[in-house]
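Below are the chains, spelled out letter by letter.
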Amino acid sequence: MEKIESENLLHRAFSVFLFNSKHELLLQQRSATKVTFPLVWTNTCCSHPLYRESELIQENFLGVRNAAQRKLLDELGIPAEDVPVDQFTPLGRMLYKAPSDGKWGEHELDYLLFIVREVKLVPNPDEVADVKYVSREQLRELIQQADAGEGGVKLSPWFRLVVDNFLMGWWEHLEKGTLAEAVDMETIHKLKQ
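All values reported here derive from a predicted model rather than from experimental measurement.

Novice: A description of the overall build of the protein chain should follow, citing residues and the corresponding values.
Specialist: Regarding its fold elements, the protein chain presents five helices and eight strands. What you see in the protein chain, going N to C, is helices and strands ordered as α-β-β-β-β-α-α-β-β-β-α-α-β. Per-residue burial for the protein chain yields a buried fraction of 50% across its 193 residues. Here the analysis covers contacts within the protein chain between residues at least 6 apart in sequence; of these, 72% occur between residues at least 24 apart. When the accessible surface of the protein chain is split by element, carbon and sulfur atoms take 48% of a total near 9,700 Å².

What follows is the structure, encoded as structure tokens:
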């Protein structure tokens, strides 16, 4: 985190929010072996586009969507055919900074992607400790547990920022079939914990 602070280092990231046909959100608990934010609960998948041609395409945010498809396979074993890139809806972007353990942290421009699909899961234990689908009410309960420090439940800082600023409204649009109305890829939301 010291280097991030001193050099103001920033990198691109993406956060995927995958819903099933019942509009339940798939969460993952990050593996204990993760360098940053081990064993915290977070959205379906979060990572970084690689410096490769297919993940640098800016048109229609295709590079970020390609990266999301790749990482869903890496982390959760979801085959590419279960999550076609044209099915991701880029909803917004946020800029945030979050320390992890003093040495490590994140300073990211995070692209936020929704997708609704029924998928086959084969989580990679090096990446993921646990997974579960939650309804909005179950997510509210998980947030209350994290806020109260119950059961060691912790949430990733980027997930919490999305929950506190966007998720419930976007989820409502998803259920109503009006998700396109929520898209704002022009604004970069500068958020703080």
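Novice: Requested: an account of helix H5 (residues 157-176), with residues and values cited.
Specialist: Taking 1.5 Å per residue, 20 residues should reach 28 Å; H5 reaches 28 Å between its end C-alpha atoms and fits that length. At Phe166, H5 shows its maximal bend, which comes to roughly 60°. For H5, the full list of buried residues reads Pro157, Trp158, Phe159, Leu161, Val162, Val163, Phe166, Leu167, Met168, Trp170, Trp171 and Leu174.

Novice: Could you give me a rundown of the packing of aromatic side chains, with the residues and numbers involved?
Specialist: Here a ring pair, both rings aromatic, is described through the centre-centre distance and the interplanar angle of the planes. Across all of its chains, the model carries eight aromatic pairs by this definition. For the pair Phe19 and Phe114, a centre-to-centre distance of 4.9 Å together with 50° between the ring planes defines the contact as tilted. Note that Phe19 is positioned in strand S1 (residues 11-19) and Phe114 in strand S6 (residues 105-116), a separation of 95 residues in sequence. Accessibility assignment for this pair places Phe19 and Phe114 in one class, buried. Summarising the aromatic geometry, the rings of Phe37 and Trp158 are spaced 5.4 Å apart at their centres and angled 85° between planes, so their arrangement reads as edge-to-face. Taken together, the residues span a long stretch of sequence, with Phe37 in the loop between strand S2 (25-30) and strand S3 (41-42) and Trp158 in helix H5 at a distance of 121 residues. Classification of Trp158 by relative accessible area gives buried; the value is 4%. Chaining the aromatic ring pairs together yields one cluster made of Phe17, Phe19, Phe114, Phe159, Phe166, Trp170 and Trp171. Lying over the aromatic face of Trp41, Lys132 brings its terminal NZ or CZ to 4.6 Å of the ring centre.

Novice: Can you lay out the pattern of salt bridges for me, pointing to particular residues and giving the numbers?
Specialist: Applying the stated criterion across every chain, the model contains 11 salt bridges. Measuring nitrogen to oxygen at the nearest pair gives 3.6 Å for the salt bridge that ties Glu127 to Lys71. Of the two residues, Glu127 is situated in the loop between S6 and strand S7 (128-134) and Lys71 in helix H3 (residues 62-76); the sequence distance between them amounts to 56 residues. Under the relative-accessibility criterion, Glu127 is labelled buried at 15%. Close ionic contact of Lys120 with Asp82 constitutes a salt bridge, the shortest N to O distance being 3.3 Å. Separated by 38 residues along the polypeptide, Lys120 in the loop between S6 and S7 and Asp82 in the loop between H3 and strand S5 (89-99) bring together distant segments of the chain. Residue classification places Lys120 among the exposed positions, given a relative accessible area of 52%. On the basis of relative accessibility, which here comes to 9%, the residue Asp82 falls in the buried class. Several salt bridges share partner residues, and in doing so they unite Lys34, Lys71, Glu75 and Glu127 into one network.

Cut-offs and rules
- Residues numbered from 1 in each chain as written.
- Predicted model: local features only at pLDDT ≥ 70, side-chain atom pairs only at ≥ 80, totals over all residues.
- Heavy atoms only, no water.
- Helix = DSSP H or I, 4+ residues; strand = E, 2+ residues; numbered from the N terminus.
- Buried < 20%, exposed > 50% of the residue type's maximum accessible area, 1.4 Å probe, protein only.
- Contact = heavy atoms within 4.5 Å.
- Areas by Shrake-Rupley, 256 points an atom, 1.4 Å probe, with all protein chains shown as cover.
- Expected span 1.5 Å × (residues − 1).
- Bend = angle between axes of the 7 residues up to and from the residue.
- Phe/Tyr/Trp six-rings, centres within 6.5 Å; stacked < 30°, edge-to-face > 60°.
- Lys NZ or Arg CZ within 6 Å of the ring centre and 35° of its normal.
- Salt bridge = Lys/Arg side-chain N within 4 Å of Asp/Glu carboxyl O.

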